[in-house]
Amino acid sequence: MRFVMKKKYYEDIRLFKYRSTFFWYLALVTGCLTIPIALDDYFISILTFICIYAVGALGLMLLAGFTGQVSMGHAAFFAIGSYTAAIITTKGGPLLLAIPAAGILAGLMGIIIGLPVLRLSGLYLSIATIALAFIVEEILVRWESLTRGNLGIYVESPSIGPLEFSSGISLYYLSFVVLIIVILLAKNILRSPTGRAMIAIRDSEVAAQAMGISLPKFKTTAFAISAFFTGIAGALYTYKISFINPESFTLLLSIEFLAMIIIGGLGSVHGAIFGAIFFVVLPNAIILTKDYLPKFVRDQTGLEAALFGLMIILFILFEPMGLYGRWLKIKYYFETFPLYKKDTFKREKSYQKVERQ
Amino acid sequence: MNLLNEILQTILSGISVGCIYGLIALGFVMIFKATEVINFAQGELMMVGAFIAFSLISFFHLSYWTTLLLTTLIMALFGMIIERVVLRPLVGQPIFSLVMVTIGMMIFFKSVVSMIPFWGTDTYGFGTPFTEKLVRYNEIIVSWEHLSIIILTLLLILALFIFFRFTKMGVAMRATSQNQLAAVYMGISVNRVFSLTWVISAILGGFAGILLSPITFVHMNMGLIGLKAMPAAILGGFYSIPGAVVGGLIIGVTESLAGAYLPIGWKDVAAWIILILVLVIRPYGLFGTELKKKV
């Protein structure tokens, strides 16, 4: 276990806690950039999906994990980003316009929808966002002049100038670069006053208000940023699968994003990435192992969903801090080797008290 | 006159669907009052109830009323098991985790039902004593299936009302929903209260499933109707038992009117638009009281 004596405030909020951390991350990024050259298309596609879902999960993580506002309608923002990118690209707009536009439009929708809805707190907000997701889905089906309804939109591979993103690996690099930018953005937001305010709201709304934090302002900001990231993820998703229709953006997608951040570990940037990895790898692992399973199990189409639901339940029951929490525990175990205490990460239970007639 | 009859007819069928929403919303309210958790799996409980009733009638050839009784018992057991295995270890954890667990259950039950032999992904129906019987009043025709829903819902609500007002356990449940710690000090077994809450919700779900299946048939996606009951519960205030039923009726009637007189597509979103309006204008619902947060 290392102890660092901090002498300045800046040392408390810098991006990398230790100098060695920076080099480890540098190695990771280099690895992610070089290794895929040797992989085949199947694995590159898995990696691309991980990057895309990680961007979306990060967006939801800022809202649910760091501001404490659980949205169950993120599929709506994902869909708005997706359709914006698809429509701009089919109209011949450049990629460098399409991706930011997708994010900004989703973010604006986040603000417009957020303003009335964010007066609500807790579960009421979650339900309102479900309503939002259903309404957006219905609009996508019915506004046929723009979205082509259930027929869906086919998107050609995008390009920046002469650089065309047609192959799997070029799309992977695009998604990866976007992911890195989004992670840096998120990390920087979180150490800025805005991020601090968001975390304060999560921990106690009353205390945050007492410290002079404007709840509507920062909740709306968090909602907008979250929708922005999710919209960008939607745009990348469009380019990756190159065909979108409203069926891709159901309530299940919102739940999947929530499951990602829970399985990954609520309240950490790592958690969003871990969750996305888990979410993408699980179905593929099932496909790969299907040949070895008994026939009765193999023929079940619901197997993947059942495992997915079971995973959510099991993680909340046995590892509420998610994969990242498990990683922290393992790390801590080795750092303090013979002295690890089992209850180091235990949370205090609280009783409910609601005053009402 | 003809138009009036048509509208009345639409409203009546809306009321019977609304009763189903009301029953599911009651399940939401029960669990929410006791544990502050929204049970997303309520619709799936209804689906499981419907499948159990279907199997009892089709495979074991039991009569409708025996099936109703047996399904109630099985659902009660099912609710108890869920509470004991999944929810009890999580008492005292953040609400969000609890809600997420119910979402996990929602996905899990649905896919498990699709895997069970003889249930699977097909659509089934079963005969009831009410099938193909009509009541005629002037020019309005009501099927007994719809009437049975309305009557049975009323009876259930009456039973619940009596339970909460006059029995000791009902009063204990109300006390627990107000203050868990104080309830413990008063000698109420909070665990038993939670268990009973889930039992009642599961029974309500099973009832809703049996009543609904003549109308929409039995299939694995029945649970989606459960989500539509959420606007009903919100409209009623989420704490109020009569509110849940009234909310269900309003949503049901609005939906069937929207389905009959508005362009296609409005029927599916009508409930959600109402929900957003209610939340913006009167977040504590028609029957709720505003809650002030205390530190």
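Residues numbered from 1 in each chain as written. Chains lettered and ligands numbered in written order. Predicted model: local features only at pLDDT ≥ 70, side-chain atom pairs only at ≥ 80, totals over all residues. Heavy atoms only, no water.

Take the overall build of chain B next. Scanning chain B from terminus to terminus reveals 11 helices and two strands. Listed N to C, the secondary structure of chain B is α-α-α-α-β-β-α-α-α-α-α-α-α in terms of helices and strands. Taking 19 Å as the expected radius of gyration for a compact globule of 295 residues, we find that chain B reaches 19 Å, a close match to that expectation. Structurally, chain B occupies a C-alpha span of about 60 × 50 × 35 Å along its principal axes. Looking at chain B as a whole, 57% of its 295 residues are labelled buried. Summing over all exposed atoms, chain B offers an accessible surface of approximately 12,700 Å²; the carbon and sulfur share of this is 71%. Measuring between centres, the 16 positive side-chain charges of chain B sit 16 Å from its 11 negative side-chain charges. (Helix = DSSP H or I, 4+ residues; strand = E, 2+ residues; numbered from the N terminus. Rg over C-alpha atoms; globule rule 2.2 N^0.38 Å. Buried < 20%, exposed > 50% of the residue type's maximum accessible area, 1.4 Å probe, protein only. Areas by Shrake-Rupley, 256 points an atom, 1.4 Å probe, with all protein chains shown as cover. Lys, Arg positive; Asp, Glu negative; His and termini not counted. Charge placed at Lys NZ, Arg CZ, Asp CG, Glu CD.)

Scanning chain A for helices and strands turns up 16 helices and four strands. Computed over C-alpha atoms, the radius of gyration of chain A comes to 21 Å, within 12% of the 21 Å expected from 2.2 N^0.38 for 357 residues, which places it in the range of a compact globule. Across its three principal axes, chain A shows a C-alpha extent of roughly 60 × 50 × 50 Å. Put simply, 76% of the contacts in chain A that link residues at least 6 apart link residues at least 24 apart. Accessible surface, chain A as shown: approximately 17,900 Å² in total, 66% of it carbon and sulfur. On chain A, the mean spot of the 31 positive side-chain charges and the mean spot of the 21 negative ones are 11 Å from each other. (Contact = heavy atoms within 4.5 Å.)

Of all hydrophobic cores here, the largest spans 189 residues; its most connected members are Tyr53 of chain A together with Phe40 and Met105 of chain B. A per-element tally of this core places helix H3 (residues 41-65) of chain A first, with 16 residues. If we ignore the near neighbours within four places in the chain, the residues touching Tyr53 of chain A are Tyr237, Leu253, Phe257, Met260, Ala276, Phe279 and Val280 of chain A. Listed in part, the eight residues of the second largest apolar core include Ile263, Leu282, Ile286 and Phe315 of chain A. (Core = buried A, V, L, I, M, F, W, Y, C linked by side-chain atoms within 4.5 Å.)

Once that is clear, we can look at the interface of chain B and chain A. Across the contact, 56 residues belong to chain B and 49 residues belong to chain A. Summing the contributions of chain B and of chain A, the shared interface buries around 4,800 Å²; its carbon and sulfur component is 73%. For chain B, the biggest contributors to the area lost against chain A are Phe96, Met100 and Met115 of chain B; these three give 13% of the whole. The tally of links from chain B across to chain A stands at zero salt bridges. Seen at the junction of chain B and chain A, the total is one residue pair in polar contact (both at pLDDT 80 or more). Elements supplying a minimum of two residues to the side of chain B that touches chain A: helix H1 (2-35), helix H3 (64-87), helix H4 (95-115), helix H6 (168-178), helix H7 (180-185), helix H9 (224-236) and helix H11 (266-281) of chain B. A total of 15 residues in the side of chain B that touches chain A trace back to one element, the largest contributor, which is H4 of chain B. Of the residues that constitute the side of chain B that touches chain A, the class distribution is 38 nonpolar, 13 polar and five charged. (Buried area = accessible area lost by both parts, 1.4 Å probe. Salt bridge = Lys/Arg side-chain N within 4 Å of Asp/Glu carboxyl O. Polar contact = N/O pair within 3.5 Å; in protein donor to acceptor, adjacent residues only side chain to side chain. Nonpolar A, V, L, I, M, F, W, Y, C, P; charged D, E, K, R; others polar.)

A few words now on unusual backbone geometry. Residues and elements named next belong to chain A. One non-glycine residue, Ser242, lies in the positive phi region at around 55°. Residue placement: Ser242 occurs in the loop between helix H11 (215-241) and strand S4 (243-244). Assessed through its relative accessible area of 22%, Ser242 is described here as partly exposed.

Time to look at a nonpolar patch on the surface. Residues and elements named next belong to chain A. A contiguous nonpolar patch, built from Ile35, Leu39, Tyr42, Phe43, Ile287 and Leu288 and spanning about 550 Å² of accessible area, is present on the exposed surface. Elements represented by at least two residues in the nonpolar patch include exactly H3 and helix H13 (269-289). With respect to the helices, strands and loops of the structure, Leu288 is situated in helix H13. (Patch = residues over 30% accessible without salt bridge, like charges linked within 9 Å, V, L, I, M, F, W, Y side chains within 5 Å.)

Among the surface-exposed residues, Lys7, Lys8, Arg14 and Arg19 of chain A lie close enough to one another that they form a single positively charged patch. Mapped onto the elements, Lys8 of chain A comes out in the segment before helix H1 (10-13).

Another point: the packing of aromatic side chains. Taken as a whole and assessed by the stated rule, the structure comprises 25 aromatic pairs over all chains. On the basis of an interplanar angle of 55° and a centroid distance of 6.5 Å, the ring pair of Tyr53 of chain A and Tyr237 of chain A is categorised as tilted. With Tyr53 of chain A in helix H3 and Tyr237 of chain A in helix H11, this pair connects stretches of sequence that are 184 residues apart. Owing to a relative accessible area of 11%, Tyr237 of chain A belongs among the buried residues under this scheme. Consider the rings of Phe134 of chain A and Trp272 of chain B, whose centres lie 4.6 Å apart with planes at 15°: the pair is stacked. (Phe/Tyr/Trp six-rings, centres within 6.5 Å; stacked < 30°, edge-to-face > 60°.)

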